[in-house]
Amino acid sequence: MGGHALGDLIMSHSTAGQNANGVGLPLVKCLVWDLDNTLWRGTLLEDEEVRLPDEIRRTVEELDARGILQSVASRNDHDLAWERLERLGIAEYFVLPQINWGRKSDSVRAIAEQLKFATSALAFIDDQPTERAEVEHVLPDVRTYEAGRAPLLTGLPEFSPARVTQDAANRRSMYQAGFRRERAEAEHGGLDDEFLCSLDLRLTIQQASEDQLARVEELTLRTSQMNATGVHYSEGDLRALLDDPAHDVLVAGLTDRFGDHGAIGVVLLERLTSHWHVKLLATSCRVVSFGTGATILRWLKAQARAAGVHLTADFRPTDRNRIMEVAYRFAGFSQQPCVECADLGEGGPGVQRLHCVPASEGISETMRVIAPTLGAPAAESVHECYGYRVECSFDSAARPVVEGFFGPAVDRQGAVGEPVRTIRLSIAIQDGPMVVPVNPPHNLEVMTSDPIVIDTASSRCVFDPSAGAGTITLARADIDDSQVWGRWMLERLFLYLICRSPRSYPLHAGAIEVDGRVAVLTAAAGVGKSTFTYWALHRGAKLVGEDILARNMDEPGAVVWGYPRALYVTPEMIARADLLQDAQATPIEGGAKSRVTVPRSLEDRLLSRARPSCMVFLVRGDGRQEVRELSASEALDRCREDYATAKSEADLKAVEDDLRGLLSGAPVWEFEVSGDLDESYDRLRAALARLPVPSTD
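Residues numbered from 1 in each chain as written. Predicted model: local features only at pLDDT ≥ 70, side-chain atom pairs only at ≥ 80, totals over all residues. Heavy atoms only, no water.

### Description of the packing of helix 3 (residues 104–115) against helix 4 (residues 129–138)
Alright, step 1. Contact pair helix 3 / helix 4: the axes reach a minimum separation of 8 Å and the direction vectors enclose 55°. Relative to helix 4, helix 3 is oriented oblique. As for how helix 3 packs across helix 4, the hand of that crossing is right-handed. Along the contact surface, helix 3 presents K104, S105 and R109, while helix 4 presents E131, E134, V135 and V138. (Axes fitted to C-alpha atoms, helices over the stretch in contact; angles between N-to-C directions. Helix = DSSP H or I, 4+ residues; strand = E, 2+ residues; numbered from the N terminus. Parallel < 35°, antiparallel > 145°, perpendicular 65-115°, else oblique. Left-handed = near helix turned anticlockwise from the far one by under 90°. Contact = heavy atoms within 4.5 Å.)

### Some words on the sheet that holds strand 21 (residues 517–523)
Alright, step 1. Sheet architecture is open: six strands sit in the order 22-20-21-29-31-30, paired in mixed fashion. The sheet is open, and its two edges are formed by strand 22 (542–545) and strand 30 (628–630), each paired on a single side. Going across the sheet, the axis of each strand differs from the next one's by a mean of 35°, ignoring polarity.
Alright, step 2. Judged from the five bridges that link them, strand 20 (residues 510–514) and strand 21 form a sheet pairing that is antiparallel. Opposite A511, over in strand 21, you have V520 as the bridge partner.
Alright, step 3. The strands touched by helix 15 (residues 529–538) within the sheet are strand 20, strand 21, strand 22, strand 29 (614–620) and strand 31 (668–673), with strand 21 carrying the most contacts at an inclination of about 155°. (Pairing = 2+ DSSP bridges.)

### Re the packing of aromatic side chains
Alright, step 1. Evaluation of the coordinates by the stated rule reveals 14 aromatic pairs.
Alright, step 2. With centroids separated by 5.1 Å and ring planes inclined at 75°, the aromatic side chains of Y328 and F333 adopt a geometry described as edge-to-face. One exposure class covers both Y328 and F333, and it is buried.
Alright, step 3. When the centroid spacing of 6.3 Å and the interplanar angle of 70° are considered together, the rings of Y534 and W535 count as edge-to-face.
Alright, step 4. A residue is classified by how much of its surface remains accessible, and W535, at 5% relative accessible area, is buried.
Alright, step 5. Three or more aromatic residues link up through ring pairs in this structure, and these residues are Y386, Y388, F405, F406, F494 and Y563.
Alright, step 6. The residue whose ring lies beneath K29 is F117, and the NZ or CZ to ring-centre distance is 5.6 Å.
Alright, step 7. Here the guanidinium or amino end of R421 rests over the ring plane of Y388, the centre of that ring lying 4.1 Å away. (Phe/Tyr/Trp six-rings, centres within 6.5 Å; stacked < 30°, edge-to-face > 60°. Buried < 20%, exposed > 50% of the residue type's maximum accessible area, 1.4 Å probe, protein only. Lys NZ or Arg CZ within 6 Å of the ring centre and 35° of its normal.)

### Examining the pairing of strand 20
Alright, step 1. With respect to burial, strand 20 is a largely interior element, five of its five residues being buried.
Alright, step 2. Judged by which residues are buried, strand 20 turns out to be covered on both faces: G510, I512 and V514 on one side and A511 and E513 on the other are all buried.
Alright, step 3. In this antiparallel pair of consecutive strands, strand 20 and strand 21, the connection spans two residues, and D515 shows a positive phi of 55°.

### Some thoughts on the environment of E641
Alright, step 1. Of note, E641 is situated in helix 17 (residues 632–643).
Alright, step 2. As for E641 and V598, which are separated by 43 residues in sequence, their C-alpha atoms are 28 Å apart.

### Quick word on the side chain of R683
Alright, step 1. Mapped onto the elements of the fold, R683 is located in helix 19 (residues 677–689).
Alright, step 2. Within the local environment of R683, its side chain forms a polar contact with the backbone oxygen of E672, the two atoms lying 2.7 Å apart. (Polar contact = N/O pair within 3.5 Å; in protein donor to acceptor, adjacent residues only side chain to side chain.)

### Concerning helix 14 (residues 482–500)
Alright, step 1. At R492, helix 14 shows its strongest bend, of approximately 30°.
Alright, step 2. Burial runs high along helix 14: 17 of the 19 residues are buried.
Alright, step 3. In this structure D481 caps helix 14, since a side-chain oxygen of it lies 3.1 Å from the backbone nitrogen of Q483. (Bend = angle between axes of the 7 residues up to and from the residue.)

### Focus on the side chain of E491
Alright, step 1. Tracing the backbone through its elements, the reader meets E491 in helix 14.
Alright, step 2. In this structure E491 comes out as buried when scored by relative accessible area, which is 16%.
Alright, step 3. Apart from the residues lying within four places of it in its own chain, the contact partners of E491 are F405, G486, Y563, A566, Y568 and R595.

### Description of the packing of helix 17 against helix 18 (residues 649–663)
Alright, step 1. One way to put it is that helix 17 packs onto helix 18 with a least axis distance of 11 Å and a crossing angle of 135°. Classed by the angle they form, the pair helix 17 and helix 18 counts as oblique. Between helix 17 and helix 18 lies a crossing whose hand is right-handed. On helix 18, the residues touching S633, A635, L636, R640 and Y643 of helix 17 are L652, V655, E656, L659, R660 and L663.
Alright, step 2. Grouping the amino acids of the contact of helix 17 with helix 18 by side-chain chemistry returns seven nonpolar, one polar and three charged. (Nonpolar A, V, L, I, M, F, W, Y, C, P; charged D, E, K, R; others polar.)

### Some details on the state of the cysteines
Alright, step 1. Applying the stated criterion across every chain yields a total of zero disulfides.
Alright, step 2. With no disulfide of its own, C639 has C614 as its nearest cysteine by sulfur position, at a separation of 13 Å.
Alright, step 3. For C639, a relative accessible area of 2% corresponds to the buried category. (Disulfide = S-S within 2.5 Å.)

### Description of the environment of P692
Alright, step 1. Positionally, P692 belongs in the segment after helix 19.
Alright, step 2. With 406 residues separating them in the primary sequence, P692 and R286 have C-alpha atoms 72 Å apart.

Now the structure itself:
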């Protein structure tokens, strides 16, 4: 495959060759340390102990934070020296260490070659004048420093970049990921596309933020082979485009299973009425072999086609960007004139105006593309769910998902329960290879992990409980599949949050309100709780929830929260009544049931929270048995598997005390459900009529 060039990772922090003092002295890209009496005090093979001075540790850490790589060239026993670096807690800072008994110049040369750096980009520090002289003689471009100057290096201009971007700060980890990637490629014996698919490549395209402008400017300045025009855009130019609503300044980032490649591409796009004008497309040379540039072009074409516009692109041939011209031509761009684009006029000197009528095609078979819908700003809304205030930001294409799961938005200033618990969710849309979604692992390990990760192979949710925020990356093909985003992702996410909190707990139960009285319904598997709940809704009851109820112990009043926006019923039951026949239904469990989104027409019969009047354990029977009273202890025994999940002993005691209090003023019944749903509903309604209607205060 070839071409995953690590050398291209090093970019100028600002104007090429300048440092913080504006001096034209080339910046050092990698500092190579000797060990004995240089990095540490003492000789490893002679002294009982070696010591790392605090000022040396600070120098190592500061150079790393500035994006300057560091390595080692030492005459020593490799295993002993590396073990000591690990004990001192600094081994991670050094890439490609050369610890052997050979010449220091050979070690420094090997480091430069593996990094694909010119030797002039390296510096060498050693306490021995003879070692420095040997390196200077063989590699005269390498700058050398006496060991005593180590604490002063961070003050020298050649070690002081004018600006440190986020990518620069992450440079070492990006290189280390690159080494692992190269080893994996060398070991891979299959086809190139097979290897690319194995990398789990994820291309993220987003509107540039203010703190990304320095890196975007860097990409316009430093990418030459994959730069369509060679035009440099300053931070001021980019900021002006950011402030113009007709322009998009898009920055592309790439990750894979080995790590983060950082920001690797930029698109400057002007959205006109009849066409969109790509003023600049530039990508980093190090991701050429991944097909990133071609993927960005196909994504742009898909966006333009959805918007019903043509694409034009500026291209200015240089002696180095032939590969970008090939990418445009393969993407269907040509110099054929277009009447609809005539208002654009001629390009600048040497600039070709390329034109493309977007056709329907796939975006990528080897990488996932997470990107916004152009021309449609991200939407925001606030919802309530299980007692949480949910602040959503989402791509416009995800609106059906947000509205389908959460229902209507609530007042942004309104409280949701007392006290308010707030979480933030961001929902992005993903294109790329078609992947069949699978039911993700659903267990205690997933529930209690940090972060919570719910991955269906096609879509993924990552939520940080400590920050109260998460991201859902939804495959475009999954937008119409409520099993993926509803049952497998969002419903489980809220269940996990309820279980993890020491101050809340779930009940595997539904709830209905009949004539002002609320019955909490629970049952063993196979009894037909879902079917009975659906039939109660059909008969006129209000729905609080069908599958999971949640109790927030810090909320005053005997209140439980439900999720009334979905039902799980068989196709036969849906057909028995016209209540849900036009609702969105997604087959689950091999088609045995469907997840049905409750339609807006029933909005006035949906309750997200309620005060229980009684708790009802449904059992199968012929309906002859009278309602049987149960004690609160019996109720706790039957529900313990639900509410005890992920709870410590202390938390469990608090939960049981709260549940006893919740049931103290509400009877607990065992109730037979017969095959005649109407008869069963009428019997339950008659039993509930004997209970007082709870106050609404």
